[in-house]
Amino acid sequence: MKKVFLILLSVGIFAQETETQNYEVIKSMNNFEIRFYPSVVKAKVTSDRNFAKLFRYISGNNEGSEKIAMTSPVYMTREGNKNTMEFVLPSKYSIQNASQPLDKEIQIYSTKPGYYAAIQFGGYSNSEKVKKNHEVLLQKLAENGYKTTQKLPISLTYNSPYKVFNRRNEVLIQIEYP
């Protein structure tokens, strides 16, 4: 009986779906989308060990010792030699009820709603793929008369590193809309 319970518990844990950040597709055209992203709460860190720090935070290294579910996508940006990684907190959290990190390098903040252009690509993400898709997206935006409000690409990864096939990655650029 104990083994059956453990098997069912394991199946339940591994079958859970990861919450994905909501957005509204405003327009879909020529292999890219214009999206509206509402405000969400994120945990952000810029350091040498971004993933490890954020993973410890959601694993309970926070003021409430609370385990926080992993969501998708993971946001990554690079400016100069600084890498920033951001986890979107599950939708049940607000800036008022999110557990504060014990690691002072992690910042919890609420994003501003905004419009973004997105282009999707598969496989494992790397800096060359991000750069190539960023350039393609900038060109498509220019061809369609959209103005960007930022130049740096935001790289989004939706899958765990253990998923090999049908991986989803995106590059986002904030735009002026309408």
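Residues numbered from 1 in each chain as written. Predicted model: local features only at pLDDT ≥ 70, side-chain atom pairs only at ≥ 80, totals over all residues. Heavy atoms only, no water.

(A) Fine view of the overall build of the protein chain. Counting its secondary structure elements, the protein chain contains 3 helices and 11 strands. Its helices and strands taken in sequence order, the protein chain reads α-β-β-β-β-α-β-β-β-β-β-α-β-β from the N to the C terminus. Considered along the principal axes of its C-alpha atoms, the protein chain spans approximately 65 × 35 × 30 Å. In the protein chain, which comprises 178 residues, the share counted as buried stands at 39%. Here the analysis covers contacts within the protein chain between residues at least 6 apart in sequence; of these, 68% occur between residues at least 24 apart. Summed over its atoms, the accessible surface of the protein chain is roughly 11,100 Å², and 54% of this surface lies on carbon and sulfur atoms. With 24 positive and 16 negative side-chain charges, the protein chain shows a spacing of 4 Å between the two charge centroids. (Helix = DSSP H or I, 4+ residues; strand = E, 2+ residues; numbered from the N terminus. Buried < 20%, exposed > 50% of the residue type's maximum accessible area, 1.4 Å probe, protein only. Contact = heavy atoms within 4.5 Å. Areas by Shrake-Rupley, 256 points an atom, 1.4 Å probe, with all protein chains shown as cover. Lys, Arg positive; Asp, Glu negative; His and termini not counted. Charge placed at Lys NZ, Arg CZ, Asp CG, Glu CD.)

(B) Spotlight on the pairing of strand β6 (residues 74-79). Relative to strand β7 (residues 82-88), β6 is paired through 6 bridges, and the arrangement is antiparallel. What sits directly across from E79, in β7, is K82. Between β6 and β7, which pair antiparallel and follow one another directly, the connecting turn spans 2 residues, one of which, G80, has a positive phi of 65 degrees. (Pairing = 2+ DSSP bridges.)

(C) Region of interest: the environment of T77. With respect to the secondary-structure elements, T77 resides in strand β6. With a relative accessible area of 23%, T77 lands in the partly exposed category. Along the sequence, T77 and L156 sit 79 residues apart, while their C-alpha atoms lie 9.0 Å from each other. If sequence neighbours within four positions are ignored, T77 has contacts with K82, N83, T84, P153 and I154.

(D) Region of interest: the sheet that holds β6. Reading across from one edge, β2-β3-β9-β11-β10-β6-β7-β4-β8 is the order of the 9 strands in this open sheet, with antiparallel pairing throughout. Unpaired on one side and paired on the other, β2 (24-29) and β8 (107-110) mark the two borders of the sheet. Between one strand and the next, the sheet's axes are offset by a mean angle of 30 degrees, whatever the strand orientation. When strand β9 (residues 114-121) meets strand β11 (residues 169-174), the two strands line up antiparallel, connected through 6 bridges. Among the inter-strand pairings, I119 is bridged to a residue of β11, identified as V171. On top of the sheet, helix α2 (residues 50-58) reaches β4 (41-46), β7 and β8; it is set at about 25 degrees to β7, its chief contact. Taken strand by strand, helix α3 (residues 127-143) contacts β3 (32-37), β9, β10 (154-157) and β11, and its axis lies near 125 degrees from that of β9. (Axes fitted to C-alpha atoms, helices over the stretch in contact; angles between N-to-C directions.)

In short, geometric facts, not functional conclusions.
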